[in-house]
Amino acid sequence: MSYKSVVKNFLLKNFPKSNLLLNEIYYKKAFNIKNIQKNKLEIDKIIESIKSKNFYDISKNFNKEIEKSSDYATLEINNTCNIDCLMCKTSLASRQKGKIRDETISLILDRFKVEGVKIVNLHTIGDPLMSTKLEESFIQLRQRNMKANIATNGLLLKRHIDTFKKYIDVCNTVRFSIDGATKETYEKIRSGGKWDVLLENLKLAKKELSPLGIRLSIIMCISKDNVHEIGKYINLFSKYLLRPERDFEFTIMNSLSPDNTYFKEMNLFPTKTYPKMNCHYINGTTLYGHFNAKLSLCCRDYDGSLEIGDLSKNSVKEIKSMDKFKKIRKEYYSNNFKNLPQCGDCFVVDPRILEAVRLFFKIMLFEYKNRESSFYDKLVDTFFSIFQYDKNLNNYESYSQLINTVKN
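A short tour of the structure in this document, coming up. From a predicted model like this one, the values you see are computed outputs, not experimental measurements. Position numbers for residues count from 1 along each chain, tracking the sequence in the order it is written. Per-residue local features are limited, in this predicted model, to residues with pLDDT of at least 70; the limit for side-chain atom pairs, both in listing and counting, is 80 or more; totals at the level of whole chains, interfaces and linings are taken over all residues. Side-chain measures here rest on the full set of heavy atoms in the structure, leaving out hydrogens and waters.

Our next topic: the environment of Asn-121. Considering the arrangement of structural elements, one finds Asn-121 in strand E2 (residues 119-121). When the C-alpha positions of Asn-121 and Ser-305 are compared, they lie 21 Å apart, and in sequence the two are 184 residues distant. Only heavy atoms enter the contact rule, under which two residues are in contact if any of them lie within 4.5 Å. With residues up to four places along the chain from it excluded, the contact list for Asn-121 reads Ala-73, Thr-74, Leu-75 and Asn-149. A run of H or I in DSSP counts as a helix once it spans at least four residues, and a run of E counts as a strand once it spans at least two, with each numbered from the N terminus.

A word on the side chain of Asn-79. Tracing the chain through its elements places Asn-79 in the loop between strand E1 (72-75) and helix H5 (102-114). A polar contact is formed between the side chain of Asn-79 and the backbone oxygen of Gln-96, at a distance of 2.9 Å. Polar contacts here mean pairs of N or O atoms no more than 3.5 Å apart (in protein, one a potential hydrogen donor and the other a potential acceptor; neighbouring residues in sequence count only if both atoms are side-chain atoms). Reaching out from Asn-79, the side chain makes a polar contact with the backbone nitrogen of Gly-98 at a distance of 3.4 Å. Those residues in contact with Asn-79, other than ones at most four positions away along the chain, are Arg-95, Gln-96, Lys-97, Gly-98, Ile-125 and Phe-291.

A separate point is the pattern of salt bridges. Note on definitions: salt bridges are taken to be side-chain nitrogens of Lys or Arg within 4 Å of carboxyl oxygens of Asp or Glu. Applying the stated rule across the entire model yields 20 salt bridges. Across the salt bridge formed by Glu-135 and Lys-166, the nearest N and O atoms sit 2.6 Å from each other. Residue Glu-135 is located in helix H6 (residues 134-143), and its partner Lys-166 is located in helix H7 (residues 161-166); the two are separated by 31 residues in the primary sequence. Taking relative accessible area as the criterion, Glu-135 reaches 27% and is therefore assigned partly exposed. Only protein chains enter the area calculation, which uses a 1.4 Å probe; residues under 20% of their type maximum are buried, those over 50% are exposed, and those in between are partly exposed. A residue is classified by how much of its surface remains accessible, and Lys-166, at 48% relative accessible area, is partly exposed. The salt bridge partner of Asp-247 is Arg-215, with a shortest N-O separation of 2.7 Å. Of this pair, Asp-247 sits in helix H11 (residues 244-247) while Arg-215 sits in strand E5 (residues 215-222), placing them 32 residues apart in sequence. When its relative accessible area of 1% is taken as the criterion, Asp-247 is described as buried. Classification of Arg-215 by relative accessible area gives partly exposed; the value is 23%.

This is the structure in structure tokens:
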């Protein structure tokens, strides 16, 4: 670990509010007029790529060789969830449910550490705040100088609030997944979730965690069900975020669930949706450790068919040399999905659109603060229509021209 990292961890552990200063430094480096202008030009390049290059052509460039593991990995401390979101449908998971053991946390983190993993996501199919092993995970991550990422529906935050306060050096960001700006839309999509409970936990997070420098972020999975509420969503939830342009995240729904019915009905970009060709996950570049120490290739592993080995018996390197891994990759690249039904039924909106959308929201929220919801809705509708209609895509010239057209 570098000297800079040692100092940073010491400050976070012993002087939690130092994280406020660090967050502000990082913010100013990323969000300034110069970088925003670069993002606008990047959107223009992305759209030009979509106009001129077919998705299947760019997907062929993905590396099919076994690559070095990413510095991100996932440790599944539970595979259970307190709600059943329409785009996830965790109730359809057939894989055995269970609780991770302390020794399994230790084992998997040691395996990950050898592979160069620095940041660990603590969930796959489920919500990490359902687990009784959250604090134990933080303890063991701290021992190894590793960091945690938490993505949660937030409904159970209250029971873990003190744990987050104790381990700011391990986990200094909590991301809330929220898919509606009204009780009706939220409770439809986040089936089983309670709007009032969500708002109570957001208020608690702002009161107890934000002053310590724990960054709160909020992500929206956009679909036909909620796209009409984006402006209201921004205005409603901005008050919980220190820097909305940084702390909001907007993403496009993919076919996560084994049942794609909802995805097909609510997908905003059906003409730009494709089978997920040459998926980099199949190379084992990102590691997914299940609660029972099995190593999987994908967060979409609802049935265990993408498990390639047992971390309690072998290292990651050894597992990647085994026949199971080689067989899955061979079947995948031969388009033989008989034994890989989840891969055969996996669809994705052109990832270039996702990147353009991500940049668009950052720019919009940086340049246009505290606007009426109708203003944001108009900008979003116009931008999305570029990818929904070939005529709009072909007529697109530049981001600046697009914004001027909308404002006028």
